[in-house]
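Coordinate analysis (summary)
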Amino acid sequence: MIQRFAALVALLAALTLAPGVALTHEHMHHDAALDAPALLSDRSLYNLESKWTTQDGATVALDSLKGQPVVTTMGYTTCKDICPAIVADMMWVEKHLPAAMAGRVRFAFFSIDPAVDTPAKLKAYADDHGLAPQSWTFFHGDDDAVRELAAALGIGYRADGKGGFDHAAVISLLNPKGEIVFQQRGVRASSEDLLAKLVALAADDGAAVR
Amino acid sequence: MRGGRILSALVALAASALAVSGAYASEAMATIPAGLYHPFQRVKAPTASGDPVAPPQPIASFRLDVEPVTNGEFLAFVAAHPEWRRSKVKRVFADERYLRRWSGDLELGQGDPLDAPATNVSWFAAEAYCKARGLKLPTTEQWEYALAGTAPDREAVRTRSFAWMAQPNDARPAPVGQGLANSFGVRDMVGLVWEWTYDFDAYATTAESRDPNGKDSAAFCGGAAAGVADPSDYPAFMRYAMRASLKADYTTDNLGFRCAGGA
């Protein structure tokens, strides 16, 4: 008891000497953990807190994608090399979705070129390619948001000094919780593996709901 | 039991008070002067008609930690930012080896000195640490430029690198600050631990991302595999290969970091 009292006195002394931010934060953290189960899996990309602007000008966090399978990539719209092939692969997947899954998958394109790919540019790109906002979202973020997401997706990139970028061609499949369940590295004539994983994911999800 | 919890709260509080008062924010930084950076990667592969070497690139002045971030500094950071403690870190941000040699959330391991470089830290954790100081991880360009921006340093880097790579890793990295400062006043960039950079995977070259049209020898969408400026620079190959092998959530025993900021 005396020991406890002494510790409390020391604690109070420390509180008056130091900004008490950490202790308050600790308590909040503790209470939150008691009150609610973890809403996000530890491995969910939706733990990233970056903010993005869509092609329609909405400001969103990544967890706006939660609750559905997501087929996603990173690139830039003025790219002449590999990006059109990546988007073509994603379009191929969309075209070959089983009828029951139509409209239940989100296709997400994150630009690595924030300076050029403004939301308006992204919208024009989507329109030019006939990528309907019902299924496709294009995202514009700041440099740090882009670099952090690219790190999480394992997409290395760098400016090539000529207005373009060297970057890895990666299409990732996220489950409704935002976990990476499959990645296609490099472009394909037809992305059958990716499509198969996506269909399997939807089947799993359906089973879980039932 | 209760006393133990109060005690650990006190320890956390003391550590965070240290952090808030700037103990980890006062790490010495060197100002790296603007200059010309010689890229290791070529823009174009040599051809029969010529051997185009990438022109030197201007690089702006920036600040860089003189030494790698230490255990002590990282301890103060995790005390002030509980989400980065070993028991709380989210798996998406750091693999299961994160801070694995520490004996607890706020205790270093046996024989792990405060002034040894912080290792078993992921890219996300390193970047979060730098961000808390108003800094970032150095870009690969900045890091490489600071390593050997001047000619006399280049030879020293090679010699030091070969000596380091010839030795098995120590069980634990030695304390920082024992290496000789280079002409920019930074030390321990070679010979102690490998280090994260902001764009560590930007130079990865993989066959599967090769330009599908084959119209140049590009890996990635561009010219990343066109070759290198100095094929004899084996330590540089090692550095780029090591960084390309990383993923942002990886943590290993001999991978640390330092922070950079604007001039």
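Residues numbered from 1 in each chain as written. Chains lettered and ligands numbered in written order. Predicted model: local features only at pLDDT ≥ 70, side-chain atom pairs only at ≥ 80, totals over all residues.

Remarks on the overall build of chain A
The helix and strand inventory of chain A stands at 6 helices and 9 strands. Burial status across chain A gives 35% buried among its 210 residues. Of the contacts formed within chain A by residues at least 6 apart in sequence, a portion of 66% connects residues at least 24 apart. (Helix = DSSP H or I, 4+ residues; strand = E, 2+ residues; numbered from the N terminus. Buried ≥ 20, exposed ≤ 12 C-beta atoms within 10 Å, placed from the backbone. Contact = placed C-beta atoms within 7 Å.)

Quick word on the overall build of chain B
A tally of regular secondary structure across chain B gives 6 helices and 7 strands. In chain B, buried positions account for 42% of the 263 residues.

Considerations on the sheet that holds strand 8 (residues 170–174) of chain A
All names here are of chain A. An order of 2-1-5-4-3-8-9 is seen for the 7 strands of this open sheet, with the pairing classed as mixed. Each end of this open sheet is capped by a strand with a single partner; those strands are strand 2 (59–61) and strand 9 (180–185). Sheet twist, expressed as the average angle between the axes of neighbouring strands with direction ignored, equals 30°. Sheet contacts for helix 3 (residues 83–95): strand 3 (70–75), strand 4 (106–111) and strand 8; angle to strand 3, the most-contacted strand, approximately 170°. (Pairing = 2+ DSSP bridges. Axes fitted to C-alpha atoms, helices over the stretch in contact; angles between N-to-C directions.)

Let's talk about the nonpolar core
Inside soluble globular proteins, nonpolar side chains tend to come together where they are buried. One finds Ala 150 of chain A together with Ala 125, Ala 126 and Ala 146 of chain B to be the most contacted residues of the largest nonpolar core, which totals 103 residues. If one sorts the elements of this core by residue count, helix 2 (residues 71–80) of chain B sits on top with 7 residues. Those residues in contact with Ala 150 of chain A that lie beyond four places of it in its chain are Met 74, Ile 112, Ile 155 and Tyr 157 of chain A. (Core = buried A, V, L, I, M, F, W, Y, C linked by C-beta atoms within 7 Å.)

Details of the sheet that holds strand 4 (residues 62–65) of chain B
Residues and elements named next belong to chain B. The strand order 1-4-7 describes an open sheet built from 3 strands, whose pairing is antiparallel. Edge strands, defined here as strands with exactly one partner in the open sheet, are strand 1 (29–32) and strand 7 (260–262). The average undirected angle you get between the axes of adjacent strands in this sheet is 25°. Bridge count between strand 1 and strand 4: 4 bridges; the pairing is antiparallel. Each residue of the ladder has a partner; that of Thr 31, found in strand 4, is Arg 63. Where helix 4 (residues 140–148) meets the sheet, its contacts fall on strand 1, strand 4 and strand 7, and the angle it forms with strand 4 comes to roughly 75°.

Here we look at the confidence of the model for chain B
Residue and element names in this part refer to chain B. On average, residues of chain B score 82 in pLDDT, and 76% of them are at 70 or above. Below a pLDDT of 50 lies the segment residues 17–25, which in the model reaches 18 contacts outside its immediate sequence neighbourhood of four places, other chains included. Confidence drops under a pLDDT of 50 for residues 206–225, and excluding neighbours within four residues, the segment shows 56 contacts in the predicted structure. The ipTM value of the predicted complex is 0.81, and its pTM value is 0.82. (pLDDT = per-residue confidence, 0-100.)

A short note on helix 2 of chain B
Of all 10 residues making up helix 2 of chain B, 9 are buried, and the element is well covered by its neighbours. What helix 2 of chain B keeps buried is the set Asn 71, Glu 73, Phe 74, Leu 75, Ala 76, Phe 77, Val 78, Ala 79 and Ala 80 of chain B.

Observations regarding the pairing of strand 9 of chain A
Residue and element names in this part refer to chain A. Where strand 8 and strand 9 come together, 5 bridges link them in antiparallel fashion. By the bridge assignment for strand 9, Leu 173 is matched with Phe 182. Connecting the antiparallel pair strand 8 and strand 9 is a turn made up of 5 residues, with Gly 178 showing a positive phi of about 90°.

A look at the confidence of the model for chain A
Looking at chain A as a whole, the pLDDT averages 83, with 79% of positions reaching at least 70. This stretch, residues 8–37 of chain A, has a pLDDT under 50; its non-local contacts, to residues over four places away or in other chains, come to 28 contacts.

Quick look at the pairing of strand 1 (residues 51–54) of chain A
Residues and elements named next belong to chain A. Bridge count for strand 1 against strand 2 is 3 bridges, and the pairing is antiparallel. Across the sheet, the residue bridging to Thr 53 is Thr 59, located in strand 2. Two successive antiparallel strands, strand 1 and strand 2, enclose a turn made up of 4 residues, where Gly 57 displays a positive phi of approximately 90°. As paired strands, strand 1 and strand 5 (residues 136–140) are joined by 2 bridges and run antiparallel to one another. Opposite Thr 53, over in strand 5, you have His 140 as the bridge partner.

Considering unusual backbone geometry
Residue and element names in this part refer to chain B. One non-glycine residue with positive phi stands out, namely Asn 120, at about 55°. Mapped onto the elements, Asn 120 comes out in the loop between helix 2 and helix 3 (123–132). Note on Asn 120: 22 C-beta atoms within 10 Å, which makes it buried.

Comments concerning the environment of Ser 64 of chain A
Within the secondary structure, Ser 64 of chain A is located in the loop between strand 2 and strand 3. Taking the C-alpha atoms as reference, Ser 64 of chain A lies 14 Å from Arg 104 of chain A; in sequence the two are 40 residues apart.

Quick look at the environment of Leu 108 of chain B
Residues and elements named next belong to chain B. In this structure, Leu 108 sits in the loop between helix 2 and helix 3. By the C-beta count within 10 Å, which is 19 here, Leu 108 ends up partly exposed. Sequence separation between Leu 108 and Leu 75 is 33 residues; the distance between their C-alpha atoms is 8.1 Å. Other than its neighbours up to four places away in sequence, Leu 108 contacts Asn 71, Leu 75, Trp 102, Ser 103 and Leu 114.

Topic: helix 4 (residues 119–128) of chain A
Residue and element names in this part refer to chain A. When we look at burial in helix 4, the residues that qualify are Leu 122, Tyr 125 and Ala 126. Angularly, the buried residues of helix 4 cover 100° about the axis, an arc narrow enough to put them on a single face. Exposed residues pointing more than 90 degrees away from the buried face of helix 4 are listed as Ala 120, Asp 127 and Asp 128. For helix 4, the secondary structure elements touched by its buried residues are strand 4 and strand 5. Among the residues trailing helix 4, Gly 130 stands out with phi positive, at a value near 65°. (Arc of directions from axis to C-beta.)

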